[in-house]
Amino acid sequence: MIKNILGTNDYIEFLRGKSVTFMLALSNTKTADIKDITQAGIPGKIYLTPTLDSEFLTCGKVRSLENIAQTPKGVPTPALITRATHLLKPFSNIELLNLGLEVLPKVDYFKIHDFNLAPSEDISLNANIDTMDVFKRGLDFGQEYECKDDYIILAESVPSGTTTAAATALALGYECKEFFSSSFKNVPDDIRNKTIEKALENIDERDDIFTRLSKVSDNMLIFIAGFILGLNNQTKFILAGGTQMACALLIVNSILKQMQGHLETSNLALCTTKWVYEDEKSDIKALLELNDLKINAYYADFDFSLSEHPALKLYDEGEAKEGVGAGTALTYALLNGISKEELTKKIESLLG
């Protein structure tokens, strides 16, 4: 079942049975190098997470490492969920966006849009992003992109992305310190808060929006904000993710406010997982409600209650919540008549 967070169910029902282009935005931020700040991957090799996620999603195997990435607690990547959906009801197209990777994925045939961006730096020191350049690349891509399908799903794989997203929203003046989720069940608040505090110390009150973003954000958030504005509501478009994607919308909101501009958003939506929606340590709904942009938002009412696999049970315990478009992939599966039982079995089969 698909449940509403905001808006009505008309939008998502309209997409039932429609064809989709699945985009995966991939990026590294040196913020992920801070010890114990994230569990989105293998310690010491967190930078490989987006590379491995994209390889597994497209080809069903990882090629830049021997085994599929999982956290020290044994939580497998949410790319499993998205890959399982694709096997049961294939996306019409999968396209990858290289927004600053340390290691390029080893894939052929799949379209990789390369924007010639370097990974962003550690936000606690200064992310040092050429914001106008990244934003313009997103804007231009949105204006030029011709969707071959009925709608676009845009997902992300950016380790430490919720930390950079929280710092970004706070730097833009939003009261949202407790709203952002984490890959951990027990959020490493001390490490995360210190990182965000150090990042915000670099902000001068006279800094404009783009200067603030250059210091505390990441390439993915800035690029997607540009892409949303570039698309300009011309294509039905789902932001596939939780609090990070909500932050991209807050960037758009801030830019429009400064420019006294307007964006029609009837074609824009956000979908996430039940694990994000029900997370007691974050608040996706409150985060979306900080925005002047009115969008439809949903979550897939899916969990691993039908599975006995201990690694998957960790999701239900709160150890991983979203990523690689898992929530929207589940929504897409449910829209296309795939049952919870089918999904669970397919995901389990990918774990071996």
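Right above here is the structure, for reference.
Quick caveat, the model's predicted, so the values are computed rather than measured.

## Re the overall build of the chain
Then comes step 1: Regarding its fold elements, the chain presents 14 helices and eight strands.
Then comes step 2: Here the C-alpha radius of gyration of the chain, 18 Å, is about what a compact globule of 352 residues would show, namely 20 Å.
Then comes step 3: Burial analysis of the chain (352 residues in total) assigns 62% to the buried set.
Then comes step 4: Long-range contacts, defined as pairs at least 24 residues apart, comprise 83% of the intrachain contacts of the chain with a sequence gap of at least 6.
Then comes step 5: Accessible surface, the chain: about 14100 Å² in total, of which carbon and sulfur atoms supply 46%.
Then comes step 6: Across the chain, the mean location of the 35 positive side-chain charges is 3 Å away from that of the 49 negative side-chain charges.

## Re the side chain of threonine 243
Then comes step 1: Within the secondary structure layout, threonine 243 lies in helix H9 (residues 243–259).
Then comes step 2: In terms of polar contacts, threonine 243 uses its side chain to reach the side chain of serine 181, at 3.2 Å.
Then comes step 3: Excluding anything up to four places from it in sequence, threonine 243 contacts Thr162, Phe179, Phe180, Ser181, Ile284 and Leu287.

## Some points on the pairing of strand S8 (residues 296–300)
Then comes step 1: The buried count for S8 comes to five of five residues, which makes it a mostly enclosed element.
Then comes step 2: Residues of S8 alternate between two faces, with Asn296, Tyr298 and Ala300 on one and Ala297 and Tyr299 on the opposite face, all of them buried.
Then comes step 3: Sheet topology places strand S1 (residues 2–6) next to S8; four bridges connect them, and they run antiparallel. Note that in S8 the partner of asparagine 4 across the bridge is tyrosine 298.
Then comes step 4: As defined by bridge partners, strand S7 (residues 268–273) adjoins S8 across five bridges and the pair is classed as parallel. Looking at the pairing, leucine 270 lines up with alanine 297 of S8.

## Let's talk about empty space enclosed by the protein
Then comes step 1: Applying the stated criterion across every chain, the model contains three cavities of 30 Å³ or more.
Then comes step 2: In this structure, the second largest cavity encloses a volume near 70 Å³.
Then comes step 3: Around the second largest cavity, the lining residues are Ile228, Leu231, Asn232, Asn233, Thr235, Phe237, Leu263, Glu264, Thr265, Asn267 and Leu268.
Then comes step 4: Residue composition of the lining of the second largest cavity, grouped by class: five nonpolar, five polar and one charged.

## Here we look at the nonpolar core
Then comes step 1: Within the largest apolar cluster, 69 residues are counted, with the highest numbers of intra-cluster contacts made by Phe227 and Leu288.
Then comes step 2: Each residue touching phenylalanine 227, except ones within four places of it in the same chain, is listed here: Met23, Gly138, Leu139, Phe141, Gly142, Tyr145, Ile152, Leu154 and Phe237.
Then comes step 3: Core analysis: the second largest hydrophobic core is formed by 50 residues, Leu52, Ala84, Ile153 and Val324 among them.

## What to know about the environment of glutamate 278
Then comes step 1: You can see glutamate 278 is positioned in the loop between helix H10 (274–277) and helix H11 (284–289).
Then comes step 2: For the pair glutamate 278 and tyrosine 299, spaced 21 residues apart in the sequence, the C-alpha separation amounts to 9.8 Å.

## Here we look at the sheet that holds strand S3 (residues 93–98)
Then comes step 1: Here we have eight strands laid out as an open sheet, ordered S1-S8-S7-S6-S5-S2-S3-S4, and mixed in their pairing. Each edge of the open sheet carries a strand with a single partner, namely S1 and strand S4 (111–114). For this sheet, the mean inter-axis angle between neighbouring strands, taken without regard to orientation, is 25°.
Then comes step 2: Helix H2 (residues 49–59) contacts strand S2 (20–26), S3 and strand S5 (151–157) of the sheet and is inclined by roughly 160° relative to S2.

## Re the state of the cysteines
Then comes step 1: Tallied over the full model, the rule gives zero disulfides.
Then comes step 2: You can see cysteine 271 has no disulfide; the closest cysteine sulfur is in cysteine 147, sitting 16 Å from it.
Then comes step 3: Since its relative accessible area comes to 0%, cysteine 271 is described here as buried.

## Concerning the packing of helix H3 (residues 79–88) against helix H14 (residues 340–351)
Then comes step 1: Between H3 and H14, the least distance of the axes is 9 Å, while the angle of their chain directions is 115°. H14 is crossed by H3, and the crossing has right-handed handedness. Contacts from Leu80, Ile81, Arg83, Ala84, Thr85, Leu87 and Leu88 of H3 reach H14 at Glu342, Leu343, Lys346, Ile347, Leu350 and Leu351.
Then comes step 2: Here the contact of H3 with H14 is composed, by residue class, of nine nonpolar, one polar and three charged.

Reading the values: rules and limits
Residues numbered from 1 in each chain as written. Predicted model: local features only at pLDDT ≥ 70, side-chain atom pairs only at ≥ 80, totals over all residues. Heavy atoms only, no water. Helix = DSSP H or I, 4+ residues; strand = E, 2+ residues; numbered from the N terminus. Rg over C-alpha atoms; globule rule 2.2 N^0.38 Å. Buried < 20%, exposed > 50% of the residue type's maximum accessible area, 1.4 Å probe, protein only. Contact = heavy atoms within 4.5 Å. Areas by Shrake-Rupley, 256 points an atom, 1.4 Å probe, with all protein chains shown as cover. Lys, Arg positive; Asp, Glu negative; His and termini not counted. Charge placed at Lys NZ, Arg CZ, Asp CG, Glu CD. Polar contact = N/O pair within 3.5 Å; in protein donor to acceptor, adjacent residues only side chain to side chain. Pairing = 2+ DSSP bridges. 1 Å grid on protein atoms, 1.4 Å probe; cavity = no way out; pocket = protein on both sides within 12 Å on 5 of 7 lines; lining within 4 Å. Points joined across faces, edges and corners; volume = space filled by probe spheres on them. Nonpolar A, V, L, I, M, F, W, Y, C, P; charged D, E, K, R; others polar. Core = buried A, V, L, I, M, F, W, Y, C linked by side-chain atoms within 4.5 Å. Axes fitted to C-alpha atoms, helices over the stretch in contact; angles between N-to-C directions. Disulfide = S-S within 2.5 Å. Left-handed = near helix turned anticlockwise from the far one by under 90°.

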